[in-house]
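Survey of secondary and tertiary structure
What follows is each chain in one-letter form.
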Amino acid sequence: MTMSGAGSMPAPAPVAEGAYATALAQFDAVARRLNLDRSTAAVMRTPRRELTVHFPVRMDDGSTRVFTGHRVQHSTARGPAKGGIRYHPAVNIDEVRALAMWMTWKCAVVNLPYGGAKGGVAVDPKLLSESELERLTRRYASDIGIIIGPEKDVPAPDMGTDARVMAWIMDTYSMNIGYVVPGVVTGKPISVGGTRGRVEATGRGILYTAQEACRARGMDLEGATVAVQGFGNVGSNAARLLRTQGCKLVAVSDVSGGVYNANGFEWADLQAAKERGLMLAQMDGSYDHITNEELLELKVDILVPAALENQIHARNAGRVRPKMIIEGANGPTTPEADAILHDNGVFVVPDILANAGGVIVSYFEWVQDLQSFFWEEDEVNLRLRRILSRSFEEVWALAAQEDASMREAAYMLAIRREEEALKYRGVFP
Ligand code: NAD
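This is a predicted model, so every value here is computed, not measured.

Here the focus is the overall build of the protein. Of regular secondary structure, the protein possesses 14 helices and twelve strands. Relative to the 2.2 N^0.38 estimate, which gives 22 Å for 429 residues, the radius of gyration of the protein is 21 Å and therefore close to what a compact globule would have. Projected onto the principal axes, the alpha-carbon positions of the protein cover approximately 60 × 55 × 45 Å. Going through the 429 residues of the protein one by one, you find that 58% of them count as buried. The contacts in the protein between residues at least 6 apart in sequence include a share of 70% that link residues at least 24 apart.

This part covers the site of the ligand. Neighbouring residues of the ligand: 23 residues in total, closest Asp158, Thr202, Asn233, Val234 and Asn330. One of the side-chain N or O atoms of aspartate 158 is found 2.7 Å from an oxygen atom in the ligand. Out of a free accessible area of 830 Å², the ligand has 86% covered by protein chains. Among the residues forming the shell around the ligand, the class breakdown is eight nonpolar, ten polar and five charged.

Looking now at the packing of helix H6 (residues 201-217) against helix H7 (residues 233-244). Relative orientation of the contacting elements H6 and H7 amounts to 45°, with a least axis distance of 7 Å. When the interaxial angle is binned, H6 and H7 end up oblique. In this structure, H6 crosses over H7, and the sense of that crossing is right-handed. Between H6 and H7, the residues in contact are Thr202, Gly203, Arg204, Ile206, Leu207 and Ala210 and Val234, Asn237, Ala238, Leu241 and Leu242, respectively. Of the residues belonging to the contact of H6 with H7, the class tally is seven nonpolar, three polar and one charged.

Within an α-helix, residues lying three or four positions from one another point in the same direction, as the helix has 3.6 residues per turn. Taking 1.5 Å per residue as the helical rise, helix H13 (residues 377-402) with its 26 residues ought to reach 38 Å, and the 37 Å between its terminal C-alpha atoms agrees with that figure. Of the positions making up H13, those classed as buried are Val380, Asn381, Leu384, Ile387, Leu388, Ser389, Ser391, Phe392, Val395, Leu398 and Ala399. Taken together, the buried residues of H13 touch helix H3 (93-109), H6, strand S12 (347-349), helix H11 (351-354), helix H12 (357-371) and helix H14 (406-425). Within two residues after H13, aspartate 403 carries a phi angle of roughly 50°, on the positive side.

Per the stated rule, a full pass over the model turns up twelve aromatic pairs. Centroid distance tyrosine 363 to phenylalanine 364: 6.0 Å. Interplanar angle 45°. Geometry classified as tilted. Judged by its relative accessible area of 3%, phenylalanine 364 falls in the buried class. Taken together, the ring pairs connect Tyr114, Tyr363, Phe364, Trp366 and Trp375 into an aromatic cluster. The ring of tryptophan 267 has arginine 240 lying over it, and the distance from NZ or CZ to the ring centre is 5.7 Å. The lysine or arginine in question, lysine 423, covers the ring of tyrosine 424, its NZ or CZ lying 5.5 Å from the ring centre.

Moving on to the side chain of threonine 334. Along the chain, threonine 334 falls in the loop between strand S11 (324-326) and helix H10 (335-343). Separated by 3.2 Å, the side chains of threonine 334 and glutamate 336 make a polar contact. Sequence-distant contacts of threonine 334, that is, excluding residues within four places in its chain, are made with Thr22, Asn310, Ile312, His313 and Ala314.

Before going further, it helps to examine the pattern of salt bridges. Tallied over the entire structure, the rule returns 30 salt bridges. Across the pair arginine 407 and aspartate 338 runs a salt bridge whose closest N-O atoms are separated by 2.4 Å. Of this pair, arginine 407 sits in helix H14 while aspartate 338 sits in helix H10, and the two are 69 residues apart along the sequence. A relative accessible area of 5% means that arginine 407 is categorised as buried. For arginine 407, the salt bridge goes to aspartate 351, with nearest N and O atoms at 3.7 Å. Remark: aspartate 351 occurs in helix H11 and arginine 407 occurs in helix H14; sequence separation between them is 56 residues. Each of the two residues, arginine 407 as well as aspartate 351, counts as buried. Where salt bridges share partners, they join Arg86, Glu95, Lys118, Asp158 and Glu309 into one cluster.

A few words on the nonpolar core. Grouped together as the largest cluster of nonpolar side chains are 91 residues, with contacts concentrated most on Trp105, Ile302 and Ile326. Of all the elements, H14 adds the most residues to this core, at ten residues. Those residues in contact with isoleucine 326 that sit more than four places away from it in its chain are Ile206, Thr209, Ala210, Ala213, Ile302, Leu303, Val304, Pro305, Val349 and Ala354. Leu51, Val53, Val57 and Met59 belong to the second largest nonpolar core, which has 27 residues in total.

Another aspect to go through is the sheet that holds strand S8 (residues 257-265). A sheet is described by the order of its strands in space; here seven strands give the open sequence S9-S8-S7-S6-S10-S11-S12, paired in mixed fashion. With partners counted over all chains shown, the strands left at the sheet margins are strand S9 (288-290) and S12, one partner each. Strand-to-strand, the axes of this sheet are offset by a mean angle of 20°, without reference to chain direction. Where strand S6 (residues 225-229) meets strand S7 (residues 248-254), five bridges bridge the pair, whose relative direction is parallel. Residue pairing in the sheet places valine 226 in a bridge with leucine 249 of S7.

Attention shifts here to the layout of surface pockets. Any space left empty among the atoms is revealed by the rolling of a water-sized probe across them. Approximately 600 Å³ is the volume attributed to the second largest pocket. Of all the secondary-structure elements, those providing two or more residues to the lining of the second largest pocket are helix H1 (19-33), H10, S12, H13 and H14. With five residues, the top contributor of residues to the lining of the second largest pocket is H10. Here the residues of the lining of the second largest pocket are counted per class, giving 15 nonpolar, four polar and five charged.

How each quantity is defined
- Residues numbered from 1 in each chain as written.
- Predicted model: local features only at pLDDT ≥ 70, side-chain atom pairs only at ≥ 80, totals over all residues.
- Heavy atoms only, no water.
- Helix = DSSP H or I, 4+ residues; strand = E, 2+ residues; numbered from the N terminus.
- Rg over C-alpha atoms; globule rule 2.2 N^0.38 Å.
- Buried < 20%, exposed > 50% of the residue type's maximum accessible area, 1.4 Å probe, protein only.
- Contact = heavy atoms within 4.5 Å.
- Near = heavy atom within 4 Å.
- Polar contact = N/O pair within 3.5 Å; in protein donor to acceptor, adjacent residues only side chain to side chain.
- Areas by Shrake-Rupley, 256 points an atom, 1.4 Å probe, with all protein chains shown as cover.
- Nonpolar A, V, L, I, M, F, W, Y, C, P; charged D, E, K, R; others polar.
- Axes fitted to C-alpha atoms, helices over the stretch in contact; angles between N-to-C directions.
- Parallel < 35°, antiparallel > 145°, perpendicular 65-115°, else oblique.
- Left-handed = near helix turned anticlockwise from the far one by under 90°.
- Expected span 1.5 Å × (residues − 1).
- Phe/Tyr/Trp six-rings, centres within 6.5 Å; stacked < 30°, edge-to-face > 60°.
- Lys NZ or Arg CZ within 6 Å of the ring centre and 35° of its normal.
- Salt bridge = Lys/Arg side-chain N within 4 Å of Asp/Glu carboxyl O.
- Core = buried A, V, L, I, M, F, W, Y, C linked by side-chain atoms within 4.5 Å.
- Pairing = 2+ DSSP bridges.
- 1 Å grid on protein atoms, 1.4 Å probe; cavity = no way out; pocket = protein on both sides within 12 Å on 5 of 7 lines; lining within 4 Å.
- Points joined across faces, edges and corners; volume = space filled by probe spheres on them.

No statement about biological role is implied by the geometric values presented.
This is the structure in structure tokens:
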């Protein structure tokens, strides 16, 4: 390692709790276990670049409102930064830092040639009209345009954003630069350089990791009872694909609350209600309404948290007793909860592995954009499965070898890869 002479570790702004505290605690624990030297750890735990923008948006009623957005590039050690853009009222710089850091480990654990980034705007997109959302997106994209680009940092959808938002970002960036640049974002519509299979990729990755986990643990996926928290892109697609493999979908929730049916739901009924604009709490039928907290505590075989961070924490972890948790959301489990789940024998496939399907297919999209050569969907899915199966096996083997949890092993693998890249690149100048 060329980075010697550590000095004191330049810790980022102190944070008492929340997603960033979780992300730092997870990193620090594994850094200690790996005996990472202090200077390398300091480089790795500090975001490489942060941009905060405050920008005006003209609203439909003629008024102007100021919004705040961020883009954080946690690492570019292994390649261009990569990570989604979130529109949610709770977005703040610490949350974005955490999500950016998790992207670094996620790309490293599945061995994509990317660093990690994340962006977000503090806004509830449901409260904006389509034209307000477009103007907000275009202005935010213009403002962060100075640090994104296909060789620099490639955004993608996250909570509250979708393919339509990605198309506006691609168009805005292209207009500003003077020529079309499809590779500046992933998760675009297919007609403007998107890839087949991207919309459902994270949910499909959940299915593939659930299949690997069941195989490794000697459990049948067919007939397994499943509860899914969050019925958005990740939760809905995961629920649909798990159902196609014979799982029994007994509970789902969204921000309004959840529904439970011991006999199992048909995914299409839930999706049809969602497409009619219904929240799950508003649905009528012969099943029970439950809260999000109750959903997490159901006695199911597989729990898929696919909503927000910090949902399983020290106060409820003792009552969260599925056979396995496949983490669709980023950071749904706090470190304290992790320890409790471990003691209770709950098998956890960590977010940085379980939900990596999205970024893997984003990588395929970027490769296709750079080559202007597009693949069939079966090729996308085949390559996705190959990367996830190999990554699961690597993490599983390391966990056994080091007597570590799947999360610890995934972090160990990712941090070692990041460390190696930093070592070979050295410190500039
Ligand atoms: P989305 O906006 O499509 O859906 C989010 C869902 O969560 C909605 O059903 C919403 O009602 C629900 N929700 C919001 N707040 C909630 C709360 N407090 N309690 C319960 N449910 C709540 O978002 P998404 O893209 O599906 O992302 C979900 C999670 O998965 C996020 O943590 C995101 O970072 C992560 N993720 C997404 C992708 C992707 O490709 N979209 C990839 C990897 C990880």
